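Commentary on secondary and tertiary structure
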Amino acid sequence: MRRIGLRWPLTLAAALLVLGAGAALTGLGGRTVSFNEEIRPILNRSCIACHGGVKQSGGFSLLSREEALRPAESGKPVIVPGDADRSELYLRLVSRDPEARMPLDHPPLGSAEIRLIRRWIDQGAPWEPHWSFVPPRMPEMPRMPRNWGYNGIDALVYAGLREAGLDPAPEADRRTLIRRLSLDLTGLPPSPEAVEAFEADTRPDAYEQLADSLLASPGYGERWAALWMDLARYADTKGYEHDPQRDLWPYRDWLIRAFSEDMPFDQFTISQLAGDLLPQPAADQLIATAFHRCTMANSEGGTDDEEFRLAAQYDRMRTTWTIWQGLTMECVQCHSHPYEPIYQPEYYRFMAFFNNTQDADLDVDAPVLELFEKRPDHEAAERLAAWLKQQPPAGDTLRRPFNAEIRDALFPRLIPAYADDFHEVTLYHDGAAASWTHNLQAMGNRGYHLIFSQVDFTGLSRILLTYAAQGSQGRVEFRLGSPEGPLAGAYDCRPTTKFIRGNEGGDWDTWKTVPVPIQAPPGRQDLYVVLRNTTGRIPDGVVVVKELELSGPGYAAPGAAQRVRQDSLLQLRRRALRLPVMKDRLPGNARVTRVFTRGNWLTPADTVTPGVPASLPPLPPDAPADRLGMARWLVSPENPLTARVTVNRFWEQLFGTGIVETLEDFGSQGAKPSNQALLDYLALRWMHEHRWSVKQLLREIVLSAAYRQSSALTPEKRERDPYNRLISRGPRVRISAEQVRDQALAACGLLSGKQYGPSVMPYQPDGVWKVVYNGARWIVSDGEDAYRRALYTYWRRTSPYPSMLTFDGSSREFCVPRRIRTNTPLQALVTLNDPVFHEAASVLAARIWERHRGDPAAAVRQACRTLLLREPDPGTFDALEALYAQSLAVFEADAQAAAGMACNAVPESPQLAALTTVAGALMNLDTFLTKE
């Protein structure tokens with residue numbers, strides 16, 4: 001609709017026609033019209049495109065009741081509660097004038113829809129918040145039949161089935177149940193021996209014991225970390241054109257541990273969004289903040305760092321709202337939400353929570369957490385810890401950060417890499433800082449500075465500055481309290497080297513140390529080290545600061561032996577792994593957040609402070625207005641969305657479809673819950689009974705009778721519940737891309753159980769990586785690293801691992817809340833021809849042939865039992881035996897073709913090649929690729 005109230009040329013005849021139509025449309029009985037169920041869908045479909053958060057034609061908006069009841073541009077109210085005949089909304093719907101009738105230039109509403117709107121207005125035009133904005137309520141539990149059901153899930157599922165006139169399906173057989181449960185909880189298939197043992201287990205609680213053992217298995221954490229990696233847009237590279245490497249894998253290891261140890265989800269949330277703001281954060285809480293450092297960074301020359309810094313903020317907004325609130329927020333960057341009561345200033349108020357972090361799309365990933373791997377540096381890190389008078393580290397040294405300890409050990413030498421805050425400077429891996437960026441057009445006009453917090457100027461008479469410069473246009477200033485604060489000292493740089501550029505540091509070959517006199521009042525103040533390009537010339541105005549040493553009566557200079565140890569320490573830290581983490585700017589260096597007109601960062605408007613949308617509960621009164629307060633708000637009991645969205649995500653992983661099908665959209669344009677009572681029950685139980693335990697939530701679901709049902713589809717259920725939204729049967733869906741690969745390796749005995757550590761490069765077809773500018777190559781990992789679980793595979797955003805991408809894996813450039821399953825011929829080509837699957841089939845064939853040499857029929861049956869975990873039915877066996885015979889004839893006639901089937905030093909023979917073909921065909925079957 002549009003132009004409401006701008007013109008209303010009703011003739012007397014037209015008015016009489018409207019009144020007559022109104023009288024004819026009142027036959028709805030005495031029932032109350034539901035705004036959410038009946039009116040909102042009509043408005044969203046037919047009206048809100050012109051009268052919502054994007055357009056407000058005629059000065060009329062239907063985004064909220066408050067706006068809908070305001071007078072339009074004509075000065076008239078469009079909705080008069082209690083009187084449809086005086087409401088232009090209704091009169092325009094029934095008008096015969098094509099210039100006045102709404103929706104303009106679209107087909108008119110049906111008579112039943114108009115009748116609903118008239119009745120709604122006459123009843124006072126009541127407005128209800130969308131169901132997902134209303135806190136969940138524990139439903140009254142219906143009764144269950146005596147012969148079916150184990151818990152509250154079953155009671156609510158059964159009530160829905162009976163309402164639809166359906167009965168639950170019988171329980172699946174034990175072979176199906178153990179495979180389903182194992183794939184769901186660990187991502188891996190059970191072994192044939194485990195299947196046989198479960199079938200023979202006669203204990204009443206055998207299934208419950210199986211579930212508990214799988215929840216406690218090492219594979220559990222890896223399976224659910226893989227899910228979160230899609231949400232976190234985890235990758236081993238930064239993205240965009242250059243797509244260079246980034247060391248993020250310690251964050252992936254943190255995810256695996258968090259799920260394995262069943263970290264409560266509220267703690268899991270707070271650690272990732274604001275672990276650095278917790279009091280005295282532990283190493284793991286800092287590692288967790290790499291979640292929002294998974295954003296892409298653009299190091300291409302000529303790009304504007306501020307533009308792409310803001311792109312990362314937008315991505316953090318979109319990711320946070322998608323994962324925890326299930327609401328689309330992308331459009332609110334430019335205008336108010338078209339369908340939800342969320343307004344554009346509220347978008348930027350929420351973005352203000354993130355806008356004050358130190359990262360800024362620079363050429364390096366600062367701020368970083370320095371970690372030491374369990375490789376050659378492990379012992380060195382042990383010695384370092386002892387040298388710093390720390391207790392010998394327990395467990396994994398990788399999880400111990402040394403940033404603060406190294407800084408203390410180096411004092412009074414100040415290394416730029418350990419500055420408390422910085423602006424625009426490039427922090428190199430050797431610890432130096434420079435007024436350099438690849439965006440040469442903007443270099444001369446930018447402000448560059450480092451901040452060392454609360455330096456004691458008592459007894460400080462000079463600072464020894466170690467620097468490098470190509471020209472004489474650079475200047476280093478020491479200022480108090482701010483970049484433009486009182487000048488305590490300065491030095492106009494003189495040339496020291498002929499080459500200044502690069503991301504790693506060390507390209508400059510000559511350093512110079514000079515004393516800079518300092519004049520400042522005694523006491524503690526923030527020291528700002530400002531790097532100025534005095535003429536804007538490049539690179540002659542570029543300055544590289546290697547270190548600063550505080551000197552004077554109040555500072556004892558390091559002795560010769562101590563300086564040697566410090567230099568050794570600096571050399572050791574250059575070999576540290578650098579994990580990008582979140583860290584806020586200091587208050588004096590904080591950014592100001594503004595609303596961007598139409599979302600354009602070049603047109604800033606009003607200043608805003610951190611806050612949450614008014615349509616949701618406010619921040620608690622005592623909550624800080626920062627990321628920590630925001631994270632606690634997300635997992636507060638008052639937030640109506642987080643628990644619902646998250647239990648729905650776990651439900652979707654088990655059943656193939658969420659209770660709300662649109663995992664990414666719980667708003668008014670998303671799908672309605674198939675069983676809201678069940679969704680609310682799960683959400684409230686998870687928060688208050690299970691105390692955010694993911695394992696307890698999953699355990700309750702998998703122990704239900706609803707989950708244990710057979711997936712067999714009857715004609716009646718095909719008609720009444722074709723997509724299993726009512727859970728009238730068990731799940732039947734194709735397994736994930738990671739599980740497809742892992743299952744093939746596991747079934748054939750190749751899968752490595754090795755956990756944690758850097759990403760690996762398994763086999764992939766040649767020519768996939770077309771890497772520009774950085775010279776990176778795909779080098780196949782040695783030994784068992786080539787056979788590790790799929791989540792450890794090196795993930796390059798511009799060239800994702802091809803077989804997993806073919807099975808609907810994501811590029812990880814953005815948060816992916818729901819993979820859309822496809823069915824393409826390329827998927828069959830992967831399982832038949834990809835080197836990983838071919839090797840798996842070859843190794844399995846060799847193992848089976850060794851046991852059943854001379855008995856092809858027994859070998860084929862064994863292959864079925866190993867890969868499908870059941871005996872083949874007669875039709876399947878006959879087809880496979882025929883395939884073996886046909887393949888054998890081909891390979892006996894063509895020795896070269898048989899040799900080409902050999903893999904992994906397996907002896908060549910026509911029989912083995914034929915059995916390899918059979919194993920490959922089995923891995924291509926729907927039974928192998930589907931969880932049922």
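For the structure, see preceding data.
Please read all numbers here as calculations on a predicted model, not as lab measurements.

Points about the overall build of the protein
Helix and strand content of the protein: 33 helices and 17 strands. Since a compact globule built from 932 residues should have a radius of gyration of about 30 Å, the 33 Å found for the protein is in line with a globular shape. Summarising its shape, the C-alpha atoms of the protein cover approximately 95 × 90 × 50 Å along the three principal directions. Among the 932 residues that make up the protein, the fraction classed as buried is 57%. Considering only contacts in the protein between residues 6 or more positions apart, those separated by 24 or more positions represent 74%. Carbon and sulfur atoms make up 52% of the accessible area of the protein, which totals about 37,700 Å².

Quick look at the side chain of Arg585
Looking at where Arg585 falls in the secondary structure, it is placed in the loop between β13 (577-580) and β14 (593-596). Salt bridges are absent for the buried Arg585, whose nearest opposite-charge side chain, Asp421, sits at 4.5 Å. Side chain to side chain, Arg585 and His423 meet in a polar contact 2.7 Å long. Once you skip the residues sitting within four places of it in the chain, Arg585 turns out to touch Asn356, Thr357, Gln358, Asp421, Phe422, His423, Ala590 and Arg591.

Description of the side chain of Arg316
By secondary structure assignment, the location of Arg316 is in helix α14 (residues 305-325). Among the polar contacts listed, one links the side chain of Arg316 to the backbone oxygen of His292, at a separation of 2.8 Å. Here Thr357 takes part through its side chain, which lies 3.4 Å from a polar atom of the side chain of Arg316. Filtering out sequence-adjacent residues up to four positions away, Arg316 remains in contact with Arg233, His292, Arg293, Thr295, Phe354, Thr357, Asp359 and Met582.

A few points about the pattern of salt bridges
Applying the stated criterion to the full structure yields 55 salt bridges. Asp184 is the partner of Lys931 in a salt bridge, and the nearest nitrogen-oxygen pair spans 2.8 Å. Placement of Lys931 in strand β17 (residues 930-931) and of Asp184 in helix α7 (residues 174-186) is noted, with a sequence separation of 747 residues between them. Asp184 matches Lys931 in its accessibility class, with the two residues each being buried. Residue Arg865 is joined to Glu871 by a salt bridge in which the shortest nitrogen-to-oxygen separation is 2.8 Å. The class for Glu871 is partly exposed, based on a relative accessible area of 43%. A network of salt bridges, in which partner residues are shared, links Arg475, Glu477, Arg479, Glu484, Asp492 and Arg532.

A word on the nonpolar core
Counting residues in each nonpolar core, the largest one holds 121 residues, and the members touching the most others are Trp228, Tyr251 and Leu682. For Trp228, the contacting residues outside a window of four places in its chain are Tyr251, Leu255, Phe259, Phe265, Phe268, Gln272, Phe291, Ile323 and Trp324. Counting 55 residues, the second largest nonpolar core, distinct from the first, contains Ala747, Leu844, Ala913 and Met923.

Details of the environment of Ser46
Among the structural elements, Ser46 can be located in helix α2 (residues 35-46). For Ser46 and Pro107, which are 61 residues apart along the polypeptide, the C-alpha to C-alpha distance reads 9.4 Å.

A closer look at the sheet that holds strand β6 (residues 448-456)
An order of β3-β6-β11-β8-β9 is seen for the 5 strands of this open sheet, with the pairing classed as antiparallel. In this open sheet, the two edge strands, each paired with only one partner strand, are β3 (421-423) and β9 (487-492). Pairwise comparison of adjacent strand axes, ignoring direction, gives a mean angle of 20° for this sheet. Two strands pair when backbone bridges link them, and strand β8 (residues 474-480) and strand β11 (residues 524-533) are joined in this way by 7 bridges, in the antiparallel orientation. Bridging from a neighbouring strand, Phe478 pairs with Val529 of β11.

So, unusual backbone geometry
Geometrically, the link from Met102 to Pro103 is a cis peptide bond, its omega value of 0° lying close to zero. Along the chain, the position of Pro103 falls in the loop between α4 (88-94) and α5 (111-122). The omega angle of the peptide bond from Ala366 to Pro367 is 0°, so this bond is cis rather than trans. You can see Pro367 is positioned in the loop between α15 (344-351) and β1 (368-371). Here the phi dihedral of Asp243 falls at roughly 50°; this positive angle occurs in a residue that is not glycine. Counting through the fold element by element, Asp243 comes out in the loop between α10 (218-231) and α11 (249-260). A residue is classified by how much of its surface remains accessible, and Asp243, at 1% relative accessible area, is buried. Located in the positive-phi region is Tyr756, a residue other than glycine, with phi close to 70°. Position of Tyr756 relative to the elements: it lies in the loop between α25 (737-747) and α26 (802-806).

Overview of the packing of α10 against α11
One way to put it is that α10 packs onto α11 with a least axis distance of 8 Å and a crossing angle of 125°. Taken together, the axes of α10 and α11 are oblique relative to one another. By crossing handedness, the relation of α10 to α11 is classed as right-handed. On α11, the residues touching Pro218, Tyr220, Gly221, Glu222, Trp224, Ala225, Trp228 and Met229 of α10 are Tyr251, Arg252, Leu255, Ile256, Phe259 and Ser260. Residues that form the contact of α10 with α11 fall into these classes: 10 nonpolar, 2 polar and 2 charged.

A short note on helix α30 (residues 874-893)
Here α30 spans 29 Å end to end across 20 residues, near enough to the 28 Å set by a 1.5 Å rise per residue. Among all positions of α30, only Phe877, Leu880, Tyr884, Ser887, Leu888 and Phe891 are buried. Looking down the long axis of α30, one finds its buried residues gathered within 110° of arc, a one-sided arrangement. Facing away from the buried side of α30 by more than 90 degrees, the exposed set consists of Pro874, Gln886 and Ala893. Taken together, the buried residues of α30 touch α28 (835-851), α29 (856-868), α31 (895-901) and α32 (910-922). If you check the start of α30, you find a side-chain oxygen 3.1 Å away from the backbone N of Gly875, and it comes from Asp873.

Quick word on the packing of aromatic side chains
Summed over the entire model, instances satisfying the criterion amount to 34 aromatic pairs. With 6.2 Å between their ring centres and 15° between their planes, Tyr251 and Trp254 make a pair best called stacked. Of the two residues, Tyr251 and Trp254 both sit in helix α11, 3 residues apart, roughly one turn of that helix. Residue Tyr251 is classed as buried on the basis of its relative accessible area of 0%. Clustering of aromatic rings is evident, with ring pairs tying together Trp224, Trp228, Tyr251, Trp254, Phe259, Phe265, Phe268, Phe291, Trp324, Phe650, Trp686 and Trp692. Between Arg180 and the ring centre of Tyr707, over which it is positioned, the NZ or CZ distance is 5.6 Å. The cationic tip of Arg233 hangs over the ring face of Phe291; the distance from NZ or CZ to the ring centre is 5.4 Å.

Digging into helix α27 (residues 825-833)
Of all the residues in α27, the buried ones are Gln827, Val830 and Thr831. The arc enclosing the buried residues of α27, seen along the axis, measures out at 85°, which places them on a common side. With respect to the buried face of α27, the exposed residues turned more than 90 degrees away are Pro825, Leu826 and Asn833. In this fold, the buried residues of α27 make contact with β16 (733-734), α25, α26, α28, α32 and α33 (926-929).

A look at the environment of Ala490
In this structure, Ala490 sits in strand β9. Using a relative accessible area of 27% as the deciding quantity, one classes Ala490 as partly exposed. For the pair Ala490 and Arg115, spaced 375 residues apart in sequence, the C-alpha separation works out to 79 Å. What Ala490 contacts, discounting residues up to four positions off in sequence, is Arg475, Val476, Glu477, Phe478 and Val516.

What to know about the environment of Cys815
Tracing the chain through its elements places Cys815 in the loop between α26 and α27. The exposure class of Cys815 is buried, given its relative accessible area of 12%. C-alpha of Cys815 to C-alpha of Arg316: the two residues are 499 residues apart in sequence and 9.3 Å apart in space.

Thresholds, definitions, all that
- Residues numbered from 1 in each chain as written.
- Predicted model: local features only at pLDDT ≥ 70, side-chain atom pairs only at ≥ 80, totals over all residues.
- Heavy atoms only, no water.
- Helix = DSSP H or I, 4+ residues; strand = E, 2+ residues; numbered from the N terminus.
- Rg over C-alpha atoms; globule rule 2.2 N^0.38 Å.
- Buried < 20%, exposed > 50% of the residue type's maximum accessible area, 1.4 Å probe, protein only.
- Contact = heavy atoms within 4.5 Å.
- Areas by Shrake-Rupley, 256 points an atom, 1.4 Å probe, with all protein chains shown as cover.
- Lys, Arg positive; Asp, Glu negative; His and termini not counted.
- Salt bridge = Lys/Arg side-chain N within 4 Å of Asp/Glu carboxyl O.
- Polar contact = N/O pair within 3.5 Å; in protein donor to acceptor, adjacent residues only side chain to side chain.
- Core = buried A, V, L, I, M, F, W, Y, C linked by side-chain atoms within 4.5 Å.
- Pairing = 2+ DSSP bridges.
- Axes fitted to C-alpha atoms, helices over the stretch in contact; angles between N-to-C directions.
- Parallel < 35°, antiparallel > 145°, perpendicular 65-115°, else oblique.
- Left-handed = near helix turned anticlockwise from the far one by under 90°.
- Nonpolar A, V, L, I, M, F, W, Y, C, P; charged D, E, K, R; others polar.
- Expected span 1.5 Å × (residues − 1).
- Arc of directions from axis to C-beta.
- Phe/Tyr/Trp six-rings, centres within 6.5 Å; stacked < 30°, edge-to-face > 60°.
- Lys NZ or Arg CZ within 6 Å of the ring centre and 35° of its normal.

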